[in-house]
Amino acid sequence: MKSSVRKRANLAVMNVILTFGSLLFLVPFYITFINAFKLKEDIVASPMTIPFSRLTFDNILRNLNSPNFNLFIGYGTSVTLAVLTVFIVISAASACAYVLSRNRRAAYRYTYLLLLLGLLLPIQVILLPIVKILRVAKLMFTIWGLLILYIGWYMPFAVFTFVGYIGTISPQLDESAKIDGANEAQIFLRIIFPLIGPVLTSVSIYIAVWTWNDFISPMIILGSSKFYTVTMGIYRAIGQYTQKWEDVFAILLMAIVPLVVLFLFMQKQFISGLTAGSVKG
Amino acid sequence: MSGKNRKGTTFWNMVLMLPGFSIYFLIIILPIFMCFYFGFFDWDGIRDNMTFIGLDNYVRALHDVNFLTSLKITFFFAIPGTLIVNTMGMVLAVLVNGHSRMSNFYRSSFFFPMLISGVAIGFIWKALLSYSGVVNTLLSNWNVEAIDFLGSIALAPWSILLVNTWHDVGFVTVLYLAGLQAIPGDLYDSAFIDGASKLKQFTAITFPWLAPSLTSCVIFTFTGYMRLYDIVFVMTSGGPGGATETIAIQTIRVGFNQNRFSYGSSLAIYMLVIIGVITVVITQFLRKREAQLIS
Amino acid sequence: MKSSRFRIALGILLVFCAAFVWASGGADASKSDSAAASAAETAEIEISWQVWITPNLTRTYYDEVVAAFEAENPGITVNIMEADASASSSAGDFIKMRLAAGDVPDLWTNVDIPPFADGGQLWEIPVDDPDLKLVNGDLMDAEYKGKLYSFISSVQPQGCMFYNKTMFEAAGITTTPKTWAELDDACAKLKAAGFTPIITGGEWVPGLIINNVLSTDLVINNPTFWTDINAGKTTFVDTPEILEGIANLQSFVDNGYFNKGALSVGYADLEQQFLSGKAAIYPMGSWFTAAEAAASKDFEVGVFSIPTKDGRPSLVASAGYGNAPVVYAKSENPEAAFELSKFYVMDPVYGAKSLQMDGLFSNLNPPLEYSMSPLQLDLAALVPTAQFGNLQHRLGEPGADGFFDPMTKIGQLILAEGSKAGSPASLAKVFDDYVASLK
């Protein structure tokens with residue numbers, strides 16, 4: 001048995017390491033943040049410091065004045081895509097995951113492996129065929145088309161994560177419900193779904209963030225339609241030609257800020273969703 | 001599993017699976033078949049028509065030195081990357097699992113990189129690591145010689161590995177955290193009463209129970225590394241001199257920039273098969289282990 | 001687990017989304033039949049113009065051009081389609097996606113002509129168009145496989161070496177180098193005086209360097225090089241100009257004439273570094289002169305062309321298949337699109353502006369004038385020595401498809417390792433392998 005002094009010392013050491021690690025993780029953001037408000041000379045001269053007297057909003061303002069960018073359309077599109085994608089993927093994928101997790105017969109195993117295919121290729125490789133498919137389905141340049149793309153794209157990730165989690169839920173629960181006469185759909189909705197809270201939360205967060213941040217697919221699918229996402233509008237300013245750090249950091253900051261604000265706002269929700277505490281037994 | 005209501009079961013299983021799977025089929029499976037199909041032609045991505053050339057592309061890919069080199073480079077990232085990320089992720093999840101305010105802070109900071117898209121991460125780290133970037137400016141302030149993180153053939157791959165690990169650790173940590181919630185608390189209580197050390201608790205309880213999460217996380221990180229594109233593209237574009245050219249970068253470059261869409265498709269199919277086979281092997285192994293441990 | 005408040009919030013959000021999608025109609029109106037019908041009624045021609053946005057050529061500028069064009073051509077409406085460097089690595093990639101999507105712009109800008117011409121997607125321009133008489137030289141210089149898709153309205157020197165006059169003076173260099181030996185000498189002097197002799201960057205820049213260095217002598221000695229390669233009459237490994245060019249570059253790297261960490265310097269950063277006096281010589285294309293004219297710096301910039309073996313002047317310039325935007329083969333209004341293309345490069349006001357913004361020199365007769373900076377005047381004096389042909393574009397026959405890629409790779413290797421990258425023959429072989437792989 002460790003003495004309480006040694007335990008406290010170990011805890012302290014662990015805290016120091018964790019703190020150091022956390023700060024290390026946050027440093028790139030610190031740099032992005034402070035340099036977005038500095039003049040170019042200051043960024044080059046000393047990137048880590050904050051010259052309080054010479055801070056400027058110029059970088060941000062300069063890059064904010066983009067014609068052809070309606071805030072309402074931008075945010076409306078981004079939010080709609082994120083919310084609908086999350087909602088549909090969570091529902092469809094958890095249902096799939098339940099079935100795949102509980103059935104190990106050949107057909108189901110092969111389906112499980114078939115879902116792997118979606119994780120093996122970067123999207124740019126299949127983007128052109130997807131465009132052709134959407135064109136045939138008359139879904140090109142529509143939000144629906146982009147939505148379908150996102151749903152299909154995130155299915156593998158969601159399904160695999162859910163399968164992993166559902167695997168820890170005892171099949172006993174299924175059995176007893178079956179005895180009571182429930183069918184699979186009812187078991188899923190009434191029993192399984194309520195128990196997978198933590199993964200629902202984490203997967204929702206990831207999908208929402210990834211959908212929000214994506215700009216390549218929207219640029220290609222939404223292209224010349226009158227819709228655009230916030231991130232599309234922002235990244236238009238960063239091309240292969242721009243490496244003026246003061247502009248780049250300002251633009252990156254603008255791309256990051258909505259998510260950070262939301263994250264800080266919803267932190268309690270997110271984090272408690274992830275550490276809801278075990279409800280088993 | 002009782003064979004009683006097999007038909008009923010299958011019906012409901014289909015109902016549950018069909019919506020998700022059909023969209024997935026349309027967006028992923030179908031395009032993959034299309035790529036496979038295109039590989040048999042000589043399409044440049046531009047013409048309205050294409051000529052059938054049979055297995056030419058697929059045979060050529062087998063001799064393609066550039067392709068084989070890019071495979072090697074990709075594995076260089078994937079194998080250490082997967083190991084490091086998952087080890088760190090699991091350890092971190094255990095360490096920050098809790099409800100204290102410090103735990104919240106740690107969780108948030110490790111998770112933070114995930115909020116940002118791969119492209120933005122690439123830009124930020126490029127600003128940090130480029131020869132005249134932030135890190136080297138700091139080094140010069142301390143009178144240390146500047147290090148060419150991104151422009152040297154030897155260092156560039158390590159820089160990419162570093163950035164990707166930084167990005168992915170938070171990702172798996174969150175998933176492992178969720179997995180930790182599934183472990184019944186009383187297991188730990190009885191272990192504590194039995195006098196087990198923290199380490200023993202980890203190996204005997206935590207690690208086995210995280211097996212399902214481990215399976216998914218290993219699959220995600222491994223496949224993520226194998227198809228690495230965004231971060232590399234922004235930071236080095238596969239350079240210098242092809243030192244960081246992953247198969248994804250090469251496939252897209254060949255297929256698009258060099259206007260050889262069909263050949264690029266055949267490379268993509270090979271990529272798929274190689275990553276697929278390895279992943280399937282890993283998955284089967286891990287799933288078997290899962291089944292053993294959970295039962 | 002999910003509080004009821006959360007559920008209410010979620011519900012409201014979903015309703016909002018559904019309403020948003022419903023209200024916006026979900027589909028893009030500009031492609032609907034009603035637009036086409038109304039256009040036919042009022043005899044209005046609508047064309048779409050794909051533009052390539054760069055820091056030099058902004059959306060605002062293109063909007064101005066369109067406004068002026070529409071004013072001069074009532075009855076034609078132009079819709080701009082932005083192709084952006086952030087989503088597509090080239091205008092060509094953007095167009096390929098549009099072809100797959102079935103919504104193709106009528107006029108394309110900055111697109112690589114050969115692959116699209118081979119694919120049958122380009123409209124041949126009318127050779128007897130009276131406006132085209134204004135083009136200097138032979139119109140058919142711009143032909144690709146016997147057909148004309150665009151015309152050469154400007155000259156774009158690429159093999160320029162811009163230099164910092166103050167540093168040259170300080171190092172005691174009195175005349176600009178004409179041969180490799182003289183350049184070596186000058187660099188040695190610069191190094192001795194404590195300056196970084198040459199500055200360059202990573203990404204695509206090494207490709208440009210290689211193209212220029214290898215083409216200067218090649219275009220004089222063997223202007224039908226690609227024809228010979230394609231016919232199997234020679235190889236890269238057997239060509240002395242190639243081997244010597246590579247060897248020269250390698251020796252420069254070995255002597256430490258290039259800036260350290262060059263390969264991690266991005267293009268815009270690179271320009272900035274030269275303009276802030278970090279090095280003496282900056283090999284780059286003429287588009288730099290536009291930035292130079294706008295920059296504030298404390299030294300004057302001069303220019304000389306990349307040296308040749310024996311000092312004969314040879315300024316490598318773009319030798320493509322025309323710079324006027326090209327028209328889509330299946331466009332419904334190709335003539336209108338072509339009018340816009342001509343306007344963009346030939347209009348006295350906007351044609352000249354386009355030249356000025358990109359540091360180009362007019363190839364029209366009479367030439368379009370803009371007020372040139374001292375550097376641009378210096379460069380204009382060199383333009384008569386501009387060659388028509390380079391490895392990337394054509395030397396006789398067109399260059400191999402995508403040849404810029406292996407050039408970039410080899411350029412990066414040489415800049416990274418100098419002689420340690422391999423013997424000139426082994427590096428030249430990479431080019432031969434590439435050409436062989438395309439067959």
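A.B. asks: Explain the overall build of chain A to me, and be specific about the residues and the numbers.
C.D. replies: Across its full length, chain A holds 13 helices and 0 strands. Ordered by position from N to C terminus, the α and β elements of chain A give α-α-α-α-α-α-α-α-α-α-α-α-α. The proportion of buried residues among the 281 residues of chain A is 58%. Taking contacts inside chain A between residues at least 6 apart in sequence as the whole, the part at least 24 apart equals 72%.

A.B. asks: Now, about the sheet that holds strand S3 (residues 107-108) of chain C: what can you tell me, with residues and values included?
C.D. replies: All names here are of chain C. With respect to topology, 4 strands assemble into an open sheet ordered S2-S1-S3-S9, the strand pairing being mixed. The open sheet terminates on both sides in strands that have one partner only, identified here as strand S2 (76-83) and strand S9 (326-327). Taken together, the 8 bridges between strand S1 (residues 45-52) and S2 define a ladder with parallel strand orientation. The partner of isoleucine 47 across the bridge, within S2, is valine 78. In the packing of helix H3 (residues 59-72) onto the sheet, contacts are made with S1 and S2, and the angle to S2 comes to roughly 165 degrees.

A.B. asks: A description of the environment of Val237(C) should follow, citing residues and the corresponding values.
C.D. replies: All names here are of chain C. Topologically, valine 237 is positioned in the loop between helix H9 (225-231) and helix H10 (240-254). With 90 residues separating them along the chain, valine 237 and lysine 147 place their C-alpha atoms 32 Å apart. If near-sequence neighbours (up to four positions away) are discounted, valine 237 is found in contact with Leu243, Ala425, Ala428, Lys429 and Asp432.

A.B. asks: Give me the lowdown on the environment of Lys198(B), citing residues and values where you can.
C.D. replies: Looking at the secondary structure, you find Lys198(B) in helix H9 (residues 198-209). When the C-alpha atoms of Lys198(B) and Val169(B) are compared, they prove to be 23 Å apart, with 29 residues separating the residues in sequence.

A.B. asks: Before we move on, can you summarise the packing of aromatic side chains with the specific residues and values?
C.D. replies: Throughout the structure, instances matching the rule amount to 68 aromatic pairs over all chains. The structure contains a cluster of three or more aromatic residues connected by ring pairs, namely Tyr112(A), Tyr150(A), Tyr154(A), Phe157(A), Phe160(A), Tyr206(A), Trp210(A), Phe171(B) and Phe220(B). Across the ring face of Tyr263(B), the terminal group of Arg60(B) is positioned such that the distance to the ring centre comes to 5.9 Å.

A.B. asks: Any details on the pattern of salt bridges? Residues and values, ideally.
C.D. replies: Any two side chains of opposite charge can pair, on the condition that their charged atoms come close. With the rule as written, the count across this model stands at 24 salt bridges over all chains. In this structure, the salt-bridge partner of Glu184(A) is Lys178(A), at a minimum N-O distance of 3.2 Å. In this structure Glu184(A) comes out as buried when scored by relative accessible area, which is 4%. Look at Lys178(A) and you get partly exposed, because its relative accessible area is 28%. Here Lys330(C) and Asp48(B) are joined by a salt bridge, their closest N and O atoms 2.2 Å apart. Of this pair, Lys330(C) sits in the loop between S9 and helix H13 (334-346) while Asp48(B) sits in the loop between helix H1 (6-38) and helix H2 (56-63), placing the two residues on different chains. Counted as one network, the salt bridges with shared partners bring together Asp129(C), Asp131(C), Glu339(C) and Lys342(C).

A.B. asks: Which residues make up empty space enclosed by the protein, and what values do they have?
C.D. replies: Summed over the entire model, instances satisfying the criterion amount to 7 cavities of 30 Å³ or more. The space that makes up the largest cavity amounts to roughly 970 Å³. Sort the elements by how many residues they give to the lining of the largest cavity and helix H10 (residues 211-226) of chain B lands first, with 5 residues. Grouping the constituent residues of the lining of the largest cavity by class yields 20 nonpolar, 11 polar and 4 charged. In this model, the second largest cavity occupies a volume close to 100 Å³. Every residue lining the second largest cavity is counted, 13 residues in all, and those nearest its centre are Met235(B), Thr236(B), Glu203(C), Leu263(C) and Ser264(C). Considered class by class, the residues forming the lining of the second largest cavity number 5 nonpolar, 6 polar and 2 charged.

A.B. asks: I'd like to hear about the interface of chain B and chain A, residue by residue, with values.
C.D. replies: Counting residues at the interface gives 97 residues for chain B and 97 residues for chain A. Counting each side, the surface lost to burial between chain B and chain A is near 9,100 Å², with a carbon and sulfur contribution of 77%. Among the residues of chain B in contact with chain A, Leu16(B), Leu115(B) and Arg287(B) are the three that bury the most area, contributing 8% of the side total. Summed over the shared surface of chain B and chain A, the number is 0 salt bridges. Across the contact surface, chain B and chain A share 8 residue pairs in polar contact (both at pLDDT 80 or more). With 23 residues, H1(B) is the largest single contributor of residues to the side of chain B that touches chain A.

A.B. asks: Which residues make up the confidence of the model for chain B, and what values do they have?
C.D. replies: Of all residues in chain B, 97% attain a pLDDT of 70 or more, and the chain-wide mean is 85. Confidence estimates for the predicted assembly give a pTM of 0.85 and an ipTM of 0.84.

A.B. asks: With reference to specific residues and values, describe the side chain of Gln258(B).
C.D. replies: Position of Gln258(B) among the secondary structure elements: in the loop between helix H12 (247-257) and helix H13 (261-294). Only 3.0 Å separates the side chain of Gln258(B) from the side chain of Asp405(C), close enough to count as a polar contact. Not counting chain neighbours up to four residues away, the residues in contact with Gln258(B) comprise Arg253(B), Asp401(C), Gly402(C), Asp405(C) and Tyr434(C).

A.B. asks: Tell me about the packing of helix H8 (residues 205-221) of chain C against H10(C), and name the residues and values.
C.D. replies: All names here are of chain C. Two elements in contact, H8 and H10, have axes whose closest approach is 9 Å; the angle formed by their N-to-C orientations is 140 degrees. Two packed elements cross with a definite hand, and for H8 against H10 that hand is right-handed. From H8, Ile209, Ile210, Val213, Leu214, Asp217, Leu218 and Asn221 reach across to H10, where they touch Glu241, Ile242, Gly245, Ile246 and Leu249. The class makeup of the residues in the contact of H8 with H10 is 8 nonpolar, 2 polar and 2 charged.

A.B. asks: So what's going on with the pairing of strand S6 (residues 281-284) of chain C? Which residues, and what values?
C.D. replies: Residues and elements named next belong to chain C. Here S6 shows no split at all, with Ile281 and Pro283 on one side and Tyr282 and Met284 on the other all buried. Inspection of the sheet shows strand S5 (residues 160-164) paired to S6 by 4 bridges, in the antiparallel sense. What sits directly across from phenylalanine 162, in S6, is tyrosine 282.

A.B. asks: Lay out the sheet that holds strand S7 (residues 301-305) of chain C with the relevant residues and their values.
C.D. replies: Residues and elements named next belong to chain C. With antiparallel pairing, 3 strands are arranged side by side in an open sheet as S6-S5-S7. Each end of this open sheet is capped by a strand with a single partner; those strands are S6 and S7. In this sheet, adjacent strand axes meet at a mean angle of 30 degrees when their direction is disregarded. Where S5 lies against S7, 5 bridges are found, and the strand directions are antiparallel. The partner of asparagine 164 across the bridge, within S7, is valine 301. Relative to the sheet, helix H15 (residues 374-382) contacts S5 and S7, its axis offset from that of S7 by approximately 15 degrees.

A.B. asks: I'd like a description of the nonpolar core, backed by residues and values.
C.D. replies: Soluble globular proteins tend to bury their nonpolar side chains together. By size, the foremost hydrophobic cluster in this structure holds 196 residues, and its most contacted members are Val159(A) and Phe162(A). Not counting residues up to four positions away in its chain, the partners in contact with Phe162(A) are Ile90(A), Ala93(A), Ser94(A), Ala97(A), Val199(A), Leu200(A) and Val203(A). Within the second largest apolar cluster, 115 residues are counted, among which are Ile53(C), Ile281(C), Met284(C) and Leu368(C).

Rules used throughout
- Residues numbered from 1 in each chain as written.
- Chains lettered and ligands numbered in written order.
- Predicted model: local features only at pLDDT ≥ 70, side-chain atom pairs only at ≥ 80, totals over all residues.
- Heavy atoms only, no water.
- Helix = DSSP H or I, 4+ residues; strand = E, 2+ residues; numbered from the N terminus.
- Buried < 20%, exposed > 50% of the residue type's maximum accessible area, 1.4 Å probe, protein only.
- Contact = heavy atoms within 4.5 Å.
- Pairing = 2+ DSSP bridges.
- Axes fitted to C-alpha atoms, helices over the stretch in contact; angles between N-to-C directions.
- Phe/Tyr/Trp six-rings, centres within 6.5 Å; stacked < 30°, edge-to-face > 60°.
- Lys NZ or Arg CZ within 6 Å of the ring centre and 35° of its normal.
- Salt bridge = Lys/Arg side-chain N within 4 Å of Asp/Glu carboxyl O.
- 1 Å grid on protein atoms, 1.4 Å probe; cavity = no way out; pocket = protein on both sides within 12 Å on 5 of 7 lines; lining within 4 Å.
- Points joined across faces, edges and corners; volume = space filled by probe spheres on them.
- Nonpolar A, V, L, I, M, F, W, Y, C, P; charged D, E, K, R; others polar.
- Buried area = accessible area lost by both parts, 1.4 Å probe.
- Polar contact = N/O pair within 3.5 Å; in protein donor to acceptor, adjacent residues only side chain to side chain.
- pLDDT = per-residue confidence, 0-100.
- Left-handed = near helix turned anticlockwise from the far one by under 90°.
- Core = buried A, V, L, I, M, F, W, Y, C linked by side-chain atoms within 4.5 Å.

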